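Coordinates in review
Here is how the chains run, residue by residue.
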Amino acid sequence: MLRFLAGRLFQSVFILLGVTIITFGLLFLIPADPVRMIAGRSATPQTVESIRRQLGLDQPIPVQYVRYLANLARGDMGRSYVQKAPVNELIASRLPATLQLMGAAILIQLMIGLPAGIFASTRRNRPSDKAIMVFSFVGISAPQFVVGLLLIYVFAFKFELFPLGGYGGIGHVILPALTLGITVSGWYSRMSRSSMIEVLRQDYIRTARAKGVNEWRVVLVHALRNAILPIIAMIGIDIGLYAQGIVVVEAVFGWPGIGQLAWLAIQRVDIPIIMGVTLVAAVGIVVGNLCADIATSFIDPRVRHS
Amino acid sequence: MSGGPVCAPRLIVMPPSPLLEVDSLSVSFATDNGRVRVVEEVSFAIRQGETVGLVGESGCGKSVAAMSVMRLNPSPPCYVDEGRILFQGDDLLTLDSVDMRAIRGDRIGMVFQEPMTSLNPTFTIGYQIAEVFQIHRGMDAAETQRESIDLLGMVGIGAAERRLHQYPHELSGGLRQRVMIAMALACRPDLLIADEPTTALDVTVQQQILELLRRLQADIGMSVLLISHDLGIVAEVCERVLVMYAGRIVESATVDALFQHPQHPYTVGLLAAPPRLGQRRSALPTIPGTVPPPGQRSAGCHFADRCARATERCRAETPVFESVAPGHDVACWNPAP
Ligand SMILES: Nc1ncnc2c1ncn2[C@@H]1O[C@H](COP(=O)(O)OP(=O)(O)O)[C@@H](O)[C@H]1O
Ligand SMILES: [Mg+2]
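Procedures and definitions
Residues numbered from 1 in each chain as written. Chains lettered and ligands numbered in written order. Predicted model: local features only at pLDDT ≥ 70, side-chain atom pairs only at ≥ 80, totals over all residues. Heavy atoms only, no water. Helix = DSSP H or I, 4+ residues; strand = E, 2+ residues; numbered from the N terminus. Buried < 20%, exposed > 50% of the residue type's maximum accessible area, 1.4 Å probe, protein only. Polar contact = N/O pair within 3.5 Å; in protein donor to acceptor, adjacent residues only side chain to side chain. Contact = heavy atoms within 4.5 Å. Near = heavy atom within 4 Å. Nonpolar A, V, L, I, M, F, W, Y, C, P; charged D, E, K, R; others polar. Expected span 1.5 Å × (residues − 1). Arc of directions from axis to C-beta. Salt bridge = Lys/Arg side-chain N within 4 Å of Asp/Glu carboxyl O. Axes fitted to C-alpha atoms, helices over the stretch in contact; angles between N-to-C directions. Parallel < 35°, antiparallel > 145°, perpendicular 65-115°, else oblique. Left-handed = near helix turned anticlockwise from the far one by under 90°. Phe/Tyr/Trp six-rings, centres within 6.5 Å; stacked < 30°, edge-to-face > 60°. Lys NZ or Arg CZ within 6 Å of the ring centre and 35° of its normal. Pairing = 2+ DSSP bridges. pLDDT = per-residue confidence, 0-100.

Time to look at the side chain of Ser228 of chain B. Residue and element names in this part refer to chain B. Along the polypeptide, Ser228 turns up in strand β8 (residues 223-228). Under the relative-accessibility criterion, Ser228 is labelled buried at 3%. From its side chain, Ser228 meets the backbone nitrogen of Asp230 in a polar contact 2.9 Å long. Those residues in contact with Ser228 that lie beyond four places of it in its chain are Leu54, Val55, Gly56, Lys62, Glu196, Ile233 and Val234.

Residues and elements named next belong to chain B. Every residue close to ligand 1 is listed here: Phe29, Val38, Glu57, Ser58, Gly59, Cys60, Gly61, Lys62, Ser63, Val64, Pro77 and Pro294. Between Gly59 and ligand 1, the recorded distance is 2.7 Å, taken from a backbone N or O atom to an oxygen atom. At a separation of 2.7 Å, an oxygen atom of ligand 1 approaches a polar side-chain atom of Ser63. Taken together, the residues of the shell around ligand 1 sort by class into six nonpolar, four polar and two charged.

Turning to helix α5 (residues 141-154) of chain B, a few remarks are in order. Turn by turn, an α-helix covers 3.6 residues, leaving residues three or four places apart pointing in a common direction. All names here are of chain B. For α5, built from 14 residues, the straight-helix expectation of 20 Å at 1.5 Å per residue is met to within 8% by its first-to-last C-alpha distance of 20 Å. Burial in α5 covers these residues: Thr144, Ser148, Leu151, Leu152 and Met154. Considered in projection along α5, the buried side chains sweep an arc of 145 degrees and stay on one side of the axis. Exposed side of α5, more than 90 degrees from the buried face: Ala142, Arg146 and Asp150 are the residues found there. Close packing links the buried residues of α5 with α4 (125-137), α6 (160-164), α7 (173-185) and α8 (203-220). Two or three places before Ala142, at the opening of α5, Asp140 has a side-chain oxygen 3.3 Å from that residue's backbone nitrogen. Of the residues one or two after α5, Gly156 is the one with positive phi, at around 80 degrees.

Below, the discussion takes up the pattern of salt bridges. Per the stated rule, a full pass over the model turns up 23 salt bridges over all chains. For Arg8 of chain A, the salt bridge is made with Asp293 of chain A, and the minimal N-O distance between the two is 2.0 Å. Of this pair, Arg8 of chain A sits in helix α1 (residues 2-29) while Asp293 of chain A is found in helix α12 (residues 271-299), placing the two residues 285 residues apart along the sequence. In this structure, Arg37 of chain B and Asp81 of chain B form a salt bridge, with 3.0 Å as the shortest nitrogen-oxygen distance. Separated by 44 residues along the polypeptide, Arg37 of chain B in strand β2 (residues 34-46) and Asp81 of chain B in strand β4 (residues 78-87) bring together distant segments of the chain. Judged by its relative accessible area of 33%, Arg37 of chain B falls in the partly exposed class. Taken together, the shared-partner salt bridges connect Asp33, Glu49 and Arg52 of chain A into one network.

Let us now look at the packing of helix α8 (residues 170-200) of chain A against helix α10 (residues 215-253) of chain A. Residues and elements named next belong to chain A. At a minimum axis distance of 8 Å, the contact between α8 and α10 shows a crossing angle of 155 degrees. Relative to α10, α8 is oriented roughly antiparallel. Remark: the crossing between α8 and α10 carries right-handed chirality. In terms of residue class, the contact of α8 with α10 is built from 21 nonpolar, five polar and one charged.

When we look at a pair of aromatic rings, we describe it by the centre distance and by the angle of the planes. One pass over the full model with this rule turns up ten aromatic pairs over all chains. Here Phe24 of chain A and Phe28 of chain A contribute two aromatic rings whose centre-to-centre distance is 5.0 Å and whose plane-to-plane angle is 40 degrees, an arrangement assigned as tilted. Of this pair, Phe24 of chain A and Phe28 of chain A both sit in helix α1, four residues apart, which is roughly one turn of that helix. Residue Phe28 of chain A is classed as partly exposed on the basis of its relative accessible area, which comes to 25%. Geometrically, the ring pair formed by Phe123 of chain B and Tyr127 of chain B is stacked, given 4.5 Å between the ring centres and 20 degrees between the ring planes. Its relative accessible area of 30% is what places Tyr127 of chain B among the partly exposed residues. An aromatic cluster of three or more residues is present, and its members are Phe24, Phe28, Tyr65 and Tyr68 of chain A. The ring of Phe123 of chain B has Arg225 of chain A lying over it, and the distance from NZ or CZ to the ring centre is 4.8 Å. Of note, Arg313 of chain B hangs over the ring of Trp333 of chain B, and the distance from its end group to the ring centre comes to 3.6 Å.

Before going further, it helps to examine the sheet that holds strand β1 (residues 20-31) of chain B. In sheet architecture, strand pairing relies on hydrogen bonds along the backbone and comes in two forms, parallel and antiparallel. All names here are of chain B. The four strands lie next to each other as β2-β1-β4-β5, forming an open sheet whose pairing is antiparallel. Two strands close off the open sheet at either side, each with one partner strand: β2 and β5 (90-91). Here β1 pairs with β2 via nine bridges, running antiparallel. Within the sheet, the bridge partner assigned to Glu21 lies in β2 and is Ala45. Here helix α2 (residues 62-70) sits on the sheet in contact with β1, β2 and β4, set at roughly 110 degrees to β1.

Residues and elements named next belong to chain A. Where helix α6 (residues 127-141) meets α8, the closest approach of the two axes is 7 Å, and the angle between their N-to-C directions is 140 degrees. The orientation of α6 relative to α8 falls into the category oblique. Viewed along their axes, α6 and α8 form a crossing whose handedness is left-handed. Where α6 abuts α8, its residues Asp129, Met133, Ser136, Phe137, Gly139 and Ile140 lie against Ile182, Thr183, Gly186, Trp187, Ser189, Arg190 and Arg193.

This next bit is on the confidence of the model for chain B. Per-residue pLDDT for chain B averages 88, and the proportion of residues at 70 or more is 92%. Both scores are available for the predicted complex, with the pTM at 0.87 and the ipTM at 0.89.

A word on the sheet that holds strand β12 (residues 328-331) of chain B. All names here are of chain B. Strands sit in the order β6-β7-β8-β3-β9-β10-β12-β11 across an open sheet of eight strands; the sheet is mixed. Two strands bound the open sheet, and with one partner strand each, they are β6 (108-111) and β11 (321-325). Looking at each pair of strands side by side, their axes are set apart by 20 degrees on average, direction ignored. Strand direction decides the pairing type here: strand β3 (residues 51-55) and strand β9 (residues 240-245), joined by four bridges, are parallel. Along β9, the bridge assignment pairs Gly53 with Val241. Here α7 sits on the sheet in contact with β6 and β7 (191-195), set at roughly 170 degrees to β6.

Below, the structure written as structure tokens:
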């Protein structure tokens, strides 16, 4: 198991390296010029050139890349072109808010999705199953900004239960986390339903029933322990897929996280920040998958022993 | 009452009432093409301590019939249309789910065909055995541990204490089937239903498992319903045999009577083609064709299409299950001479 984890970590280094190459390459392929963005329309060619030299953007791209990597190896992600601050600091100040939002969203999505999917799997093709699947579909298809605005209108504006937006205590995180959680829980209820249905057909479930195990235990102990495995793997992967949702939800709720930072950086072609955020997201996916592997190995002895 | 002899005779005169009595059981499946009947008016009885075999080619409805006794067929799509299943005086089909669960694993144990997939891969052997003791006996951890070790010893698994901590994937097919048998026998049931318990195993392991079943039956004294597509296996373990074809019981006799005077042409065909241990095939060389799937079964005798002795009557009228000798019944209009 330890060897497996060490192997995974080793692999991750190359994945992250690949991510830097691709992002770097793409950023220099796009036609927008960051220097013109910084200098403004009225700047003279001399000013533009001196800024370009200052930022090192006059060098050939491979040189810039190697320079970037060398800094990265020392733990330095560079300085923002626009905000005149180290990317490290900018990300570090934003990361806790985003992690808080994601953690709450994952919790909500599992608290809604898992029970709904498990219940539906035991009521297969009956009205309650069909109703749950319809709701899941609605959740999946609803645009996140619409859900967010709806929640704000009902729970913050009409009933004044939660703040309209911004960052602070538990009250602030509930609506944005609900927005993410509700929309993603549709996937999870569908996935846990199909995973449970698959497991409930297995021979060992019949064995459990033949022993006289009651239906609750059959579903929540014997079946769920096996059915949860693909769901755990999915959570690990989903951490990356959250990126887009985080940007939208942070914008709707004025949540001061990485998503907002990235959104502003993209508009202004602030390359160091875009690179930094992409890298952090990639690290998030790698860590998410690693956590999923570890959790899986705790539950599934076949993984642990391989 | 007064004056007559007081002691011995009564025990001998009273025939013991059967442990299990299946009476006119019909089971069907809901499919895309409507209801299809898989088990048709099956009746049989098993006495206390009796070992009964249920044989027939694959697809005859043996598993569905046996699973009906445990009420383990998934519903939907499977429904019992009619019949009674009397077990120790209760009609199992009318019990509520709590009473039925109290019988499963305690008074009736069941072993299945696929040892590789019948144990939960994410729980230890010890956990899966302990569950039976906890459910039916309310034992604490220490007692459970002791009983589980005894139990594994009983089914011939050495180093029991270590085995309890292992997971199914660490055990061979034969060992897993022994664990399944141990779980089924944990509460010393009155009836063991073993559905093709050796079919998925290697030949040598098959023999070991059959010997184990025979020994345990003698030790515990339980009744056994052994299901197999192989008359040879049944003959090794059982006293009496039920032959099933296309959802119906077509012949019932003691092993000796069946081997010496088989009446139903289907039984004759099964006997003429003894499948060698460990060999699997879909068609019998001595009987042309295969079992017709449910829903495509002809009127009259379902076997008529494959039967060399079939007459007009066989195709028109369902044969009556009748006694041809004491303890020997057959459903055939034109039985073997
Ligand atoms: N879930 C199901 N849906 C429809 N038909 C089924 C289902 N399960 C079993 N059957 C049918 O029931 C018949 C008997 O099956 P089974 O009892 O497993 O046979 P056996 O154990 O004798 O090999 C088969 O012909 C099969 O097609
Ligand atoms: Mg079968």
